[in-house]
Amino acid sequence: MGYRITVLAGDGIGPEVVNETLKVLDKVGKKFGREFEYDHCLIGGAAIDATGECLPKETVEKALASDAVLLGAVGGPKWDSQPAANRPEKALLGIRKALNLYANLRPAVVFDELKDASPLKSEILQGGLDILIVRELTGGIYFGEHELKPETDPEIGEVAYDVEEYSQMEIRRIARVAFDLAMKRGKKVTSVDKANVLESSRLWRRTVAEVAKDYPEVELDNLYVDNAAMQLVRAPKQFDVIVTSNIFGDILSDEASQITGSIGMLPSASLTEGSFGMYEPVHGSAPDIAGTGKANPIATILSAAMMLRYSLGLSEEADAIENAVNEFLKAGYRTPDLQASPDHKVVGTEEAGNLIADMI
Ligand code: IPM
Ligand code: MG
């Protein structure tokens, strides 16, 4: 029996990078005798255009019935005028919540072949960089109460609020994911909060410390988010696993991705209990380059590798994809987003996909 993968190509460069990724997966299937069945469903702007809704019910149902979800990207200027409740971004939040994907893993890795791409001085990255951000994804201010209150006093104007709220259950489960992963890596967890100001952060810090007791081998460090943002560019090598709330993780993962110099290379996984998960590149839909054939498909291809490893239990196959990507870079190929020198061969989306598939 084959593995059932829900494919959500989405908007902008999403369909282009997903297309190349499916090519690579097909090659893996052939090589290792695995069968991947793809169920293409609608999400984001593409879903709004086809059905009027950013996240059709059918998409959620099909995703829930599959082994894993592969997502391209959603959003674009075309749908900016949609009401807040039906924007493409809302579909992303909706599917995360509907599938209970509370643990978002965002690695920030400097690839050996691309070490000059980082905007940081090479001394700061001496010996490479491998950070894993574990972002809580279904709670906090993203899902707390929101309200826009009408103006009652013209001097004050309208008033809006968004509530940051966390339960110990939510903090405990994300902390466990972080500590479990740290055990398989550098055995260090840095928990990031704003406990000097926020009550929800004080609960976060206290609860993470309780979970840490079950992991005596793992070192726990606590940082305020402002300091963490600074440390990420000052001395990023102090980090192994960073665990943090939804909004802080959103911000810090963008910062960390830029340290690697190549956002087009970074995959992500969004996981729930058990093995099910959704996999997507860290980058967005890049409407400015959609249709030009310039998009780097590697972040999505590496997301598929994470999918094979975490959701389908196919680690040898995942290694084969990661090795093929390394081989592609070693052979001197670069997509336009990666700093190329005169001896590099710059290739577009489709050629990159073909080459990587050939290298499986
Ligand atoms: C991300 C994105 C999303 C988020 C947006 C598009 C809703 O920035 O996945 O990091 O804020 O979570
Ligand atoms: Mg973000």
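Placed above this text is the structure.
Within every chain, residues take consecutive numbers counted from 1 along the sequence as written. Whichever chain is written first becomes A and whichever ligand is written first becomes 1, with later ones labelled in order. Side-chain atom pairs in this predicted model are given and counted only at pLDDT of 80 or more, local residue features only at pLDDT of at least 70, and totals for whole chains, interfaces and linings cover all residues. As a rule here, side-chain values cover all heavy atoms of the structure and leave hydrogens and water aside.

(A) Looking closely at the nonpolar core. In terms of nonpolar packing, the biggest core is built from 68 residues, with Leu-105, Val-134 and Phe-328 touching the most fellow members. These domain boundaries are the output of an automatic or database domain assignment. Inspection of this core shows a minimum of three residues originating in each of domain 1 (1-104 + 266-360) and domain 2 (119-259). Contact between two residues is taken to exist if any of their heavy atoms lie within 4.5 Å; hydrogens are not considered. Not counting the four nearest positions on each side in its chain, Val-134 is found in contact with Asn-104, Leu-105, Ile-174, Val-177, Ala-178, Leu-181, Val-241, Ile-242, Val-243 and Thr-244. Here, the term nonpolar core denotes a set of buried Ala, Val, Leu, Ile, Met, Phe, Trp, Tyr and Cys residues that are joined through side-chain atoms within 4.5 Å. Buried residues are those whose accessible area, probed at 1.4 Å on protein chains only, stays under 20% of the maximum for their type, while exposed residues exceed 50% and partly exposed ones sit between those limits.

(B) Broad picture of the site of ligand 1. Residues are classed as near a molecule or strand on a simple rule: at least one heavy atom within 4 Å of it. The environment of ligand 1 is made up of Glu-89, Arg-96, Arg-106, Arg-135, Tyr-142 and Asp-250. Pairs of N or O atoms are called polar contacts if they sit within 3.5 Å, as long as, within protein, a hydrogen donor faces a hydrogen acceptor (for residues adjacent in sequence, only side-chain-to-side-chain pairs). Within the contact set of ligand 1, an oxygen atom lies 2.8 Å away from a side-chain nitrogen or oxygen of Arg-135. Within the side chain of Tyr-142, a nitrogen or oxygen atom sits 2.6 Å from an oxygen atom of ligand 1. Surface burial for ligand 1 is 73%, taken as the share of its 320 Å² of free accessible area covered by protein chains. Note on residue categories: nonpolar means Ala, Val, Leu, Ile, Met, Phe, Trp, Tyr, Cys or Pro, charged means Asp, Glu, Lys or Arg, and polar means any other residue, Gly included. In terms of residue class, the shell around ligand 1 is built from 1 nonpolar, no polar and 5 charged. Accessible surface is estimated by sampling points in the Shrake-Rupley manner with a 1.4 Å probe; for residues, cover comes only from the protein chains shown.

(C) Region of the structure containing a negative patch on the surface. Together, Glu-151, Asp-153, Glu-155 and Glu-158 make up a region of like negative charge exposed at the surface. A run of H or I in DSSP counts as a helix once it spans at least four residues, and a run of E counts as a strand once it spans at least two, with each numbered from the N terminus. Within the secondary structure, Glu-151 is located in the loop between strand S6 (146-149) and strand S7 (159-162). The patch calculation keeps residues exceeding 30% relative accessible area without a salt bridge and links them within 9 Å when they carry like charges or within 5 Å when they are nonpolar (Val, Leu, Ile, Met, Phe, Trp, Tyr). Counted as salt bridges are all cases of a side-chain nitrogen of Lys or Arg within 4 Å of a carboxyl oxygen of Asp or Glu. Neither His nor the chain ends contribute to the count of charged residues, in which Lys and Arg are positive and Asp and Glu negative. Where a charge lies is defined by one atom per residue type, namely NZ (Lys), CZ (Arg), CG (Asp) and CD (Glu).

(D) Spotlight on the environment of Pro-236. Position of Pro-236 relative to the elements: it lies in the loop between helix H7 (225-234) and strand S10 (241-244). For Pro-236 and Leu-129, which are 107 residues apart along the polypeptide, the C-alpha to C-alpha distance reads 7.6 Å. Look past the residues within four positions of Pro-236 in its chain and what remains in contact with it is Leu-120, Ile-124, Leu-125, Leu-129, Ile-131, Gln-231 and Ile-259.

(E) How the structure looks around helix H2 (residues 44-51). Listed as buried for H2 are Gly-44, Gly-45, Ala-47 and Ile-48. Along H2, the residues classed as buried sweep out an arc of 160° about the axis, all on the same side. Positioned one or two residues after H2, Gly-52 has a phi angle of 90°, which is positive. Taken from the helix axis, the directions to the C-beta atoms give the arc we talk about.

(F) Highlighting empty space enclosed by the protein. Computed over the protein atoms alone on a 1 Å grid, cavities are sets of points where a 1.4 Å probe fits but cannot get out and pockets are open sets with protein on both sides within 12 Å along at least five of seven lines; a residue lines them when it has an atom within 4 Å of a point. Grid points are joined across faces, edges and corners, and a volume is the space filled by probe spheres set on the points. By the definition in use, this model includes 2 cavities of 30 Å³ or more. Volume-wise, the largest cavity comes out at about 50 Å³. Counting only elements with at least two residues in the lining of the largest cavity, the list comes to strand S8 (188-193) and helix H6 (199-212). In terms of residue count, the dominant contributor to the lining of the largest cavity is H6 (3 residues). Its residues assigned to classes, the lining of the largest cavity shows 5 nonpolar, 3 polar and 2 charged. Here the second largest cavity defines a volume of roughly 40 Å³. Every residue along the wall of the second largest cavity is listed here: Arg-106, Pro-107, Ala-108, Ile-133, Ser-253, Ala-256, Ser-257, Leu-266 and Val-282. Elements with a minimum of two residues in the lining of the second largest cavity: strand S4 (103-109) and helix H8 (246-260).

(G) Summary view of the pairing of strand S2 (residues 36-40). Strands qualify as paired when DSSP identifies two bridges or more between them. Relative to S2, strand S1 (residues 3-10) runs parallel, the two being bridged by 5 bridges. Bridge pairing in S2 places Ile-5 opposite Tyr-38. Here is how to tell: hold the view so the strands point away, follow the path from the first strand over the helix to the second, and if it runs clockwise the crossover is right-handed. For the crossover that starts at S1, traverses helix H1 (residues 14-32) and ends in the parallel S2, the hand is right-handed.

(H) Up close: unusual backbone geometry. Phi angles above zero are rare outside glycine, and Asn-100 is one such case at about 55°. Mapped onto the fold, Asn-100 is located in the loop between helix H4 (88-98) and S4. We classify Asn-100 as partly exposed; its relative accessible area is 30%. Look at Ala-286: it is not a glycine, yet its phi comes out positive at around 40°. As for its position among the elements, Ala-286 is in the loop between strand S12 (277-281) and helix H9 (298-310). The exposure class of Ala-286 is partly exposed, given its relative accessible area of 24%.

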